[in-house]
Amino acid sequence: MADRNISVWIKRDDLIHPLLQGNKWRKMKFNLQQAIESQKDTLLTFGGAYSNHIAATAAAGQLFGLKTIGIIRGEPTATPSLTLQQAAANGMQLHFMERSHYRLKDEPGRIEELHYRFGDFYYLPEGGTNALALPGCEELVGEIDVPFDVMCCAAGTGGTASGLRNALHANQRLLVFPALKGEGSLPQLIANATPHAVANIEFHREYHFGGYAKITDELFQFIQYIFVHHRILLDPVYTSKMLYGVYDLILQNYFEPGTRIIAVHSGGLQGWCGFHQEWEMLKNGPAKRNIQR
Ligand SMILES: *Cc1c(COP(=O)(O)O)cnc(C)c1O
């Protein structure tokens, strides 16, 4: 964006590994270390049928020689999602849990119940966010070797944003783009998780495109544009909405001239498993999307 002298760099965490990439790897790194050091041979976690975290946990099990158990929200479908097929191919044992029961997964006693049923395991919460997830995300910031003023990231649970915020300096700002509509508790969750953080934080809630895992023609065209012009593939659930927001804020002259921005590509490319038609269109070159959801 030459006329406003704004620079945008993209931190390519999508390139870490084809199956274990982005913030899901960052959040898992120290958890895996802990699991292996405490001699656990099984990881157990929760997620939906298209979850990036389920996919990453299965891949981690495959890559590090651990068994994996995935508790999947809802009923099994006649044809499992591609995400679940890939997780099973990576050795994950899948167990479906009725939604009303799944919702209570964080109630006291539930983990004990699961130990009774599945034996010993290392527990990863849904989405992969726990205390050990933050230092992995903090490491990302130390890898950036250009000076910058603003870091931008997508958010679900806010674990990634918390880790990033912890590692930023007082003269830097973190802009958070929630992928969920109306996640009112996110600022408090992040504030609680980062009591010693010095960097300012801002939330930009206008870029959810209708809500979690919803895509519009405009968003799809933006993904095509970035792919065609920069050869960078964004994911349809998180990073595309964040980067759209960054471009939009630039066009609104939101940033001071000269601002140097790092946008974090937090991976999630397996998320395309839930968007077959769009994926085909993306591969076949620029086209107008006309899919009703
Ligand atoms: C899961 C995910 C997020 C959300 O991360 P949180 O730490 O839960 O906020 C962001 N981007 C991508 C690509 C993801 O897969």
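One can find the structure itself at the top, above this paragraph.
This one's a predicted model, so the numbers in the text were calculated from it and none came from an experiment.

Visitor: If you had to explain the sheet that holds strand S9 (residues 260-265) to someone new, which residues and values would you point to?
Guide: As summarised here, the arrangement of the 5 strands in space is S1-S9-S6-S7-S8, forming an open sheet in which the pairing is parallel. At either end of the open sheet lies a strand with only one pairing partner, and these are strand S1 (7-12) and strand S8 (200-203). The mean angle between the axes of side-by-side strands here comes to 25°, regardless of whether they run parallel or antiparallel. Note: strand S7 (residues 173-178) against S8, 4 bridges, orientation parallel. Each bridged residue has a counterpart across the sheet, and for Leu175 the counterpart in S8 is Glu202. Here helix H10 (residues 239-251) sits on the sheet and contacts S1, strand S6 (150-155), S7 and S9; the angle it forms with S9, its principal contact strand, is near 165°.

Visitor: Report on the sheet that holds strand S4 (residues 92-97), specifying residues and quantitative values.
Guide: Spatial strand order, S4-S3-S2-S5: 4 strands in an open sheet with parallel pairing. The open sheet is flanked by S4 and strand S5 (122-124), the only strands paired with a single partner. On average, adjacent strands in this sheet sit at an angle of 20° to one another, irrespective of strand direction. Taken together, the 3 bridges between strand S2 (residues 42-47) and S5 define a ladder with parallel strand orientation. Within S5, the residue paired with Leu43 across the bridge is Tyr122. Each of S2 and S5 is contacted by helix H1 (residues 22-37), which is oriented at about 165° to S5, the strand it contacts most. Strands S2, strand S3 (67-73), S4 and S5 of the sheet are contacted by helix H5 (residues 110-118), whose axis makes an angle of about 130° with S4.

Visitor: Which residues make up the state of the cysteines, and what values go with them?
Guide: The full count for this structure, using the stated rule, is 0 disulfides. Cys137 takes part in no disulfide bond, and the closest cysteine sulfur to it belongs to Cys153, at a distance of 8.9 Å. The thiol of Cys152 is not disulfide-bonded; the next cysteine sulfur, from Cys153, is found 8.0 Å away.

Visitor: Summarise H10; cite the residues concerned and give the values.
Guide: A rise of 1.5 Å per residue sets the reference length of H10, with its 13 residues, at 18 Å; its end C-alpha atoms lie 18 Å apart and thus fit the reference within 8%. Lining the buried residues of H10 we find S1, S6, S7, helix H9 (217-230) and S9. Just downstream of H10 lies Asn253, where phi reads positive at about 60°.

Visitor: Summarise the pattern of salt bridges; cite the residues concerned and give the values.
Guide: Applying the stated rule across the entire model yields 15 salt bridges. In this structure, Glu126 and Lys105 form a salt bridge, with 3.2 Å as the shortest nitrogen-oxygen distance. One end of the pair, Glu126, is in the loop between S5 and helix H6 (133-142); the other, Lys105, is in the loop between helix H4 (99-102) and H5, and 21 residues separate them in sequence. For Glu126, a relative accessible area of 30% puts it in the partly exposed group. For Lys105, a relative accessible area of 8% corresponds to the buried category. Among the ionic contacts, a cluster of salt bridges with common partners joins Lys11, Asp13, Arg26 and Glu143.

Visitor: An account of the packing of aromatic side chains is requested, with residue identities and associated values reported.
Guide: Within the structure shown, the criterion is met by 12 aromatic pairs. Consider the rings of Phe46 and Tyr102, whose centres lie 5.6 Å apart with planes at 80°: the pair is edge-to-face. Of the two residues, Phe46 sits in strand S2 while Tyr102 sits in helix H4, which places them 56 residues apart along the sequence. Measuring from centroid to centroid gives 4.9 Å for Phe209 and Tyr244, while their planes differ by 90°, and the two rings are edge-to-face. With Phe209 in the loop between S8 and H9 and Tyr244 in helix H10, this pair connects stretches of sequence that are 35 residues apart. Judged by its relative accessible area of 16%, Tyr244 falls in the buried class. Taken together, Phe177, Tyr207, Phe209, Phe222, Tyr244 and Tyr247 form an aromatic cluster joined through their ring pairs.

Visitor: For the nonpolar core, give the residues involved together with the corresponding values.
Guide: Ranked by size, the top nonpolar core spans 34 residues in total, and within it Cys152, Phe177, Leu243, Val246, Phe255 and Ile261 carry the most contacts. The biggest single contributor to this core is H10, with 7 residues. Not counting residues within four places of it along the chain, the set of residues in contact with Cys152 comprises Leu175, Phe177, Met242, Val246, Ile261, Ile262, Ala263 and Val264. Judged by nonpolar contacts, the second largest core, of 17 residues, contains Cys153, Ala161, Ile190 and Ala199.

Parameters at a glance
Residues numbered from 1 in each chain as written. Predicted model: local features only at pLDDT ≥ 70, side-chain atom pairs only at ≥ 80, totals over all residues. Heavy atoms only, no water. Pairing = 2+ DSSP bridges. Helix = DSSP H or I, 4+ residues; strand = E, 2+ residues; numbered from the N terminus. Axes fitted to C-alpha atoms, helices over the stretch in contact; angles between N-to-C directions. Contact = heavy atoms within 4.5 Å. Disulfide = S-S within 2.5 Å. Expected span 1.5 Å × (residues − 1). Salt bridge = Lys/Arg side-chain N within 4 Å of Asp/Glu carboxyl O. Buried < 20%, exposed > 50% of the residue type's maximum accessible area, 1.4 Å probe, protein only. Phe/Tyr/Trp six-rings, centres within 6.5 Å; stacked < 30°, edge-to-face > 60°. Core = buried A, V, L, I, M, F, W, Y, C linked by side-chain atoms within 4.5 Å.

On their own, these measurements won't tell you what the molecule is for.
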